[in-house]
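Examination of the molecular architecture
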Amino acid sequence: MSTVPEGYDPHAFTPFAVTVDLAVFTVREGRLHVLLVERGEEPYKGRWALPGGFVLPRESAEAAARRELAEETGLTRHTARALHLEQLRTYSDPDRDPRMRVVSVAYAALIPDLPEPRGGGDAAHARWWDAGSTGPLAFDHDRILADAHDRIGAKLEYSCLATAFCPAEFTLGELQRVYETVWGVELDRPNFRRKVLTTPGFVQAVEGPPRRTGGRGKPAALYRAGAATALHPPLLRPEGRTP
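Residues numbered from 1 in each chain as written. Predicted model: local features only at pLDDT ≥ 70, side-chain atom pairs only at ≥ 80, totals over all residues. Heavy atoms only, no water.

**Observations regarding the environment of proline 15**
To be explicit about the condition: Note on conventions: DSSP H or I runs of at least 4 residues are helices, E runs of at least 2 residues are strands, and numbering of each starts at the N terminus. Think of it in three bands: with a 1.4 Å probe and only protein chains considered, a residue is buried below 20% of the maximum accessible area for its type, exposed above 50%, and partly exposed in between.
Tracing the sequence through the fold places proline 15 in the segment before strand E1 (17-28). We classify proline 15 as exposed; its relative accessible area is 64%. Put simply, proline 15 and arginine 101 are 86 residues apart on the chain and 7.9 Å apart in space, counted from C-alpha to C-alpha.

Here it is as structure tokens:
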């Protein structure tokens, strides 16, 4: 059990609160969406914001983030604990919260197959918003959202996360649309195909007949996620083009 060192006065420092904020993305109907909550209390009552809340006295920031994720999305605590959250950065501007000095640890996540959200805690409502049309958010959440979007876009460059947003067996066109959705760019089809097929362990060809697509082209071959978790070399966004 820790003790306060002799001569140390904890009351000599101005107290402040620690919160967590979550930028949770998913792909719905071919568009990138982010989870937002409508604040039910002041400050910013009635404004939309990223889900989050205060870190409890005997709780780590990551534990608080997973608790808030479960409360706001309807996921079970067990499922929320198993999901990968990226710690984004710490936001500590002295005036970011009108109530008091509040330091926030922000997390980002890109997660497939999330259920319809529900309001929880001080949130009146929760819903998925098109990530490109959220409008002005409460606090400094516009900045956090922009930083999180950039981090998620970068994660697709170096990991195989995109395959999680495709069916178990998918075409390269379906995989390409995931990248285009998150990055907000149109990719060159032959170049994308070449990069995917020459990256070891990214995808694995499925034996059997190809799938007919809605276009006029020939039926497309099917693939499943490969054994790799990281991409070597990375699949980079077109130079100079970011979300």
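Okay, back to it.
**Details of the pattern of salt bridges**
Filter applied, for reference: Each salt bridge in this description consists of a side-chain nitrogen of Lys or Arg and a carboxyl oxygen of Asp or Glu lying within 4 Å of one another.
The full count for this structure, using the stated rule, is 15 salt bridges. A salt bridge links arginine 28 to glutamate 116; the nearest nitrogen and oxygen atoms lie 2.4 Å apart. Of this pair, arginine 28 sits in strand E1 while glutamate 116 sits in the loop between strand E6 (102-110) and strand E7 (123-130), placing them 88 residues apart in sequence. What makes glutamate 116 exposed here is its relative accessible area of 55%. Between glutamate 169 and arginine 224 there is a salt bridge; the shortest N-O distance is 3.6 Å. With a gap of 55 residues between them, glutamate 169 in the loop between helix H3 (141-158) and helix H4 (172-183) and arginine 224 in strand E9 (residues 223-225) connect regions that are remote in the sequence.

**Concerning the packing of H3 against H4**
What counts is decided by this rule: Lines fitted to C-alpha atoms define the axes, with helix axes restricted to the stretch in contact, and inter-axis angles between N-to-C directions lie between 0 and 180 degrees. These descriptions rest on fixed angle ranges, namely under 35 degrees for roughly parallel, over 145 for roughly antiparallel, 65 to 115 for roughly perpendicular, and the rest for oblique. Put simply, a crossing is left-handed when the front helix is turned counterclockwise from the back one by less than a right angle, and right-handed when it is turned clockwise. The contact criterion used is simple: two residues touch if any of their non-hydrogen atoms lie within 4.5 Å. Gly falls in the polar group here, along with every residue not listed as nonpolar (Ala, Val, Leu, Ile, Met, Phe, Trp, Tyr, Cys, Pro) or charged (Asp, Glu, Lys, Arg).
Between H3 and H4, whose axes approach to 9 Å, the crossing angle comes to 155 degrees. If you check the angle between H3 and H4, you find them roughly antiparallel. Where H3 crosses over H4, the handedness of that crossing is left-handed. On H4, the residues that touch His149, Ile152, Gly153, Leu156 and Glu157 of H3 are Tyr179, Val182 and Trp183. Among the residues forming the contact of H3 with H4, the class breakdown is five nonpolar, two polar and one charged.

**With respect to the packing of aromatic side chains**
For any pair of aromatic rings, the description rests on two quantities: the centre-to-centre distance and the angle between the ring planes. Filter applied, for reference: To pair, rings of Phe, Tyr and Trp, with the six-membered ring standing in for Trp, must have centres within 6.5 Å; the planes then decide the type, stacked if under 30 degrees apart, edge-to-face if over 60, and tilted in the middle. Charges are assigned to positions over rings by a cutoff of 6 Å between ring centre and Lys NZ or Arg CZ, combined with an angular limit of 35 degrees from the ring normal.
A complete count under the given rule lists five aromatic pairs for this structure. Judged by centre distance (4.8 Å) and plane angle (70 degrees), the ring pair of tyrosine 44 and phenylalanine 139 falls under edge-to-face. Of this pair, tyrosine 44 sits in the loop between strand E2 (31-39) and strand E3 (48-49) while phenylalanine 139 sits in the loop between E7 and H3, and the two are 95 residues apart along the sequence. Accessibility expressed as a relative area gives 16% for phenylalanine 139, which makes it buried. Their ring planes at 65 degrees and their centres at 5.0 Å tell us that tyrosine 179 and tryptophan 183 sit as a pair that is edge-to-face. In this pair, tyrosine 179 and tryptophan 183 are both assigned in helix H4, four residues apart and thus about one turn of the helix distant. Of the two residues, tyrosine 179 and tryptophan 183, both sit in the buried class. These aromatic residues form a ring-pair network of at least three members: Tyr179, Trp183 and Phe192. Positioned over the ring face of tyrosine 91 is arginine 89, at 4.8 Å from the centre of the ring. The positively charged end of arginine 127 is found above the aromatic ring belonging to tryptophan 48, 6.0 Å away from the centroid.

Fair warning: the whole summary comes from geometry, so function is off the table for now.
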